[in-house]
Amino acid sequence: MEESITGLISSFGFSPESFIALLVVVLAVIGAVIVVITFRPLMEYYPYTYPNARVRAKIGKILNDKQITELADSESLDEVKNYLRGQRDYAKFIDKYPIEQALDANLAESYDLLARIAPKDLKPTFDLMLDQWDIKNIKSVLIAKEAKLNDEETRELLVPYGVLKDDQDKLIEADSVQDIIVALEGTPYAKLLEDALPAYNENKTLLTLESALDNYYYERLLAKSASQADDNTRMLHSYVGTKIDISNIKIILRAKADGLTYDQINPYVINSGYQLREWKLKEFMESEDMNSLLSSIESSEYGSIITDHIPEYNSTKSITVFDEALDSYERDMANNIFRKKPFGVGPIIGFMNKKETEIKNLKIIARSKRGPVLPGSEIKEMLL
């Protein structure tokens, strides 16, 4: 038997020793392929191990429905603040800032954490997301100057985060839009506002300046998140893009409800949409009336969200029903990504959405406790 095997090997031109060596190489290659196939998924998720551990711990601290309901039923704003003092993530902000500024600071800190711990492929997107606090602060200063608020009232509107954090005093001391542009010299925001200044001087509407800032931020965010490295980056891009599409739909719905034309709406829409391309957004904005717009939306990727709520809109004539449906869709999307990628980007997106929702609900409750306190039942109807 041994001789027949040796003869067979020799017939292929191999010596016994060289055949054994070749066999070892083949087995090594097969073993390497098996290792790669087995461990490649693990290597994809390895960069998420530490970030997800941190994020899951944060998710565990998100206020649950029972806690939010208890706050809605509270007797006063002081009671709400006392409750939040007992929450570690809020305690350091509650006595340092007015309530809404404290909530914004807590949300900004959450985004700052994500930017610091995000895996390499996601980090550019989360780094860019930190720009939203500079933009929010610039918009707040613009609003404060138009409302003729004093320096202290203006300061209470600002979030203590962002690249421009140390330059906030210069913005607060500015007396006009032109002064704000000078204070922003050396930043991309100065040119943005300067380019939008002629339109603002013509229509005297702050939305002109605010939209220029928003468009700059969202267009860059959509481009920055467009990496196709793997499913995790694609899902983050999809989530970011859907948020932008939803924002556009909301803007156009409100505008059409107010009877605005294409030329009046276009400056406030982010033309670089995700699933809603520029031609589709143009179709929305050119709709003759609300019914025509709803028909156009029904034929888009977001049609199913709107269709089920058209009867309720026809009954109430309130676009709030669409806002709520779109918000619900965004939350469901985040939860679906959480379930699909529990060891990848899922917990990060899930936390981001849950935290934003928590802050929005706390702001609704806080505003409802100022002056005459609204009944808890009315507050609960406004919660997300």
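Asks: Lay out the overall build of the protein in plain terms, naming residues and giving numbers.
Replies: A tally of helices and strands in the protein yields 23 helices and zero strands. Across the 384 residues in the protein, those meeting the buried criterion constitute 46%. Long-range contacts, defined here as pairs at least 24 residues apart, represent 61% of the contacts in the protein between residues at least 6 apart. Of the roughly 20,100 Å² of accessible surface on the protein, a fraction of 54% belongs to carbon and sulfur atoms.

Asks: Can you tell me about a negative patch on the surface, naming the residues and giving the values?
Replies: Residues D151, E152, E153, E156, E173, D175 and D179 make up a contiguous surface patch of negative charge. Along the polypeptide, E153 turns up in helix α10 (residues 151-155).

Asks: Quick rundown of the packing of helix α15 (residues 231-257) against helix α17 (residues 278-285)? Include the residues and the values.
Replies: The interhelical angle for the contact between α15 and α17, taken along N-to-C directions, is 20 degrees, at an axis separation of 10 Å. With respect to α17, the axis of α15 lies roughly parallel. Relative to α17, α15 is oriented so that their crossing is right-handed. In this structure, α15 contributes N248, I249, I252 and K256 to the contact, and α17 contributes L281, F284 and M285. Per-class residue counts for the contact of α15 with α17 are five nonpolar, one polar and one charged.

Asks: I'd like a rundown of the nonpolar core, residues and numbers included.
Replies: Judged by nonpolar contacts, the single largest core of 84 residues is most densely connected at L84, F126 and L184. Per-element accounting of this core gives the leading share, 11 residues, to helix α7 (residues 99-117). Here F126 is in contact with L114, A115, A118, L236, I348 and M352, once residues within four sequence places are set aside. If you look at the next biggest cluster of nonpolar residues, it comprises 25 residues, including L253, I265, L293 and I305.

Asks: Describe unusual backbone geometry, naming the residues involved and giving the relevant values.
Replies: Unusually for a residue other than glycine, K148 sits at a positive phi of about 60 degrees. Structurally, K148 can be placed in the loop between α9 (131-146) and α10. Classification of K148 as exposed rests on a relative accessible area of 72%.

Asks: So what's going on with the packing of α7 against α9? Residues and values would help.
Replies: Helices that pack against each other are described as a pair by the angle of their axes relative to one another and the distance between those axes. Interaxial distance between α7 and α9 falls to 10 Å at its minimum, and their mutual angle equals 155 degrees. By the angle between their directions, the pair α7 and α9 is classed as roughly antiparallel. Facing α7, whose interface residues are D104, L107, A108 and Y111, α9 presents Q132, W133 and K136. Residue classes in the contact of α7 with α9 are distributed as four nonpolar, one polar and two charged.

Asks: Kindly report on the pattern of salt bridges, identifying the contributing residues and their values.
Replies: Taken as a whole, this structure holds 25 salt bridges when the rule is applied. Across the pair K136 and D104 runs a salt bridge, and its minimum N-O distance is 3.6 Å. Note that K136 is positioned in helix α9 and D104 in helix α7, a separation of 32 residues in sequence. For D104, a relative accessible area of 7% corresponds to the buried category. A salt bridge links K123 to D127; the shortest N-O distance between them is 3.3 Å. Of the two residues, K123 and D127 are both situated in helix α8 (residues 123-129); the distance of four residues between them amounts to about one turn of the helix. Connected through salt bridges with shared partners, the residues E100, R367 and R370 form a single ionic network.

Asks: Outline the environment of K280, listing residues and values.
Replies: Position of K280 relative to the elements: it lies in helix α17. Judged by its relative accessible area of 8%, K280 falls in the buried class. C-alpha of K280 to C-alpha of S299: the two residues are 19 residues apart in sequence and 10.0 Å apart in space. In this structure K280 touches S296, S299 and S300, once residues within four positions along its chain are discounted.

Asks: Quick one: what's the story with the side chain of D327, residue by residue and with numbers?
Replies: Mapped onto the elements of the fold, D327 is located in helix α21 (residues 320-340). Taking the relative accessible area as the measure of exposure, D327 reaches 14% and is therefore buried. What D327 contacts, discounting residues up to four positions off in sequence, is K250 and L384.

Asks: With reference to specific residues and values, describe α7.
Replies: Given a rise of 1.5 Å per residue, 19 residues ought to cover 27 Å, and the 27 Å separating the end C-alpha atoms of α7 matches this to within 8%. For α7, the buried fraction is high: 17 of the 19 residues fall into the buried class.

Rules behind the numbers
Residues numbered from 1 in each chain as written. Predicted model: local features only at pLDDT ≥ 70, side-chain atom pairs only at ≥ 80, totals over all residues. Heavy atoms only, no water. Helix = DSSP H or I, 4+ residues; strand = E, 2+ residues; numbered from the N terminus. Buried < 20%, exposed > 50% of the residue type's maximum accessible area, 1.4 Å probe, protein only. Contact = heavy atoms within 4.5 Å. Areas by Shrake-Rupley, 256 points an atom, 1.4 Å probe, with all protein chains shown as cover. Patch = residues over 30% accessible without salt bridge, like charges linked within 9 Å, V, L, I, M, F, W, Y side chains within 5 Å. Salt bridge = Lys/Arg side-chain N within 4 Å of Asp/Glu carboxyl O. Lys, Arg positive; Asp, Glu negative; His and termini not counted. Charge placed at Lys NZ, Arg CZ, Asp CG, Glu CD. Axes fitted to C-alpha atoms, helices over the stretch in contact; angles between N-to-C directions. Parallel < 35°, antiparallel > 145°, perpendicular 65-115°, else oblique. Left-handed = near helix turned anticlockwise from the far one by under 90°. Nonpolar A, V, L, I, M, F, W, Y, C, P; charged D, E, K, R; others polar. Core = buried A, V, L, I, M, F, W, Y, C linked by side-chain atoms within 4.5 Å. Expected span 1.5 Å × (residues − 1).

Such coordinate-based values are descriptive only and should not be taken to indicate function.
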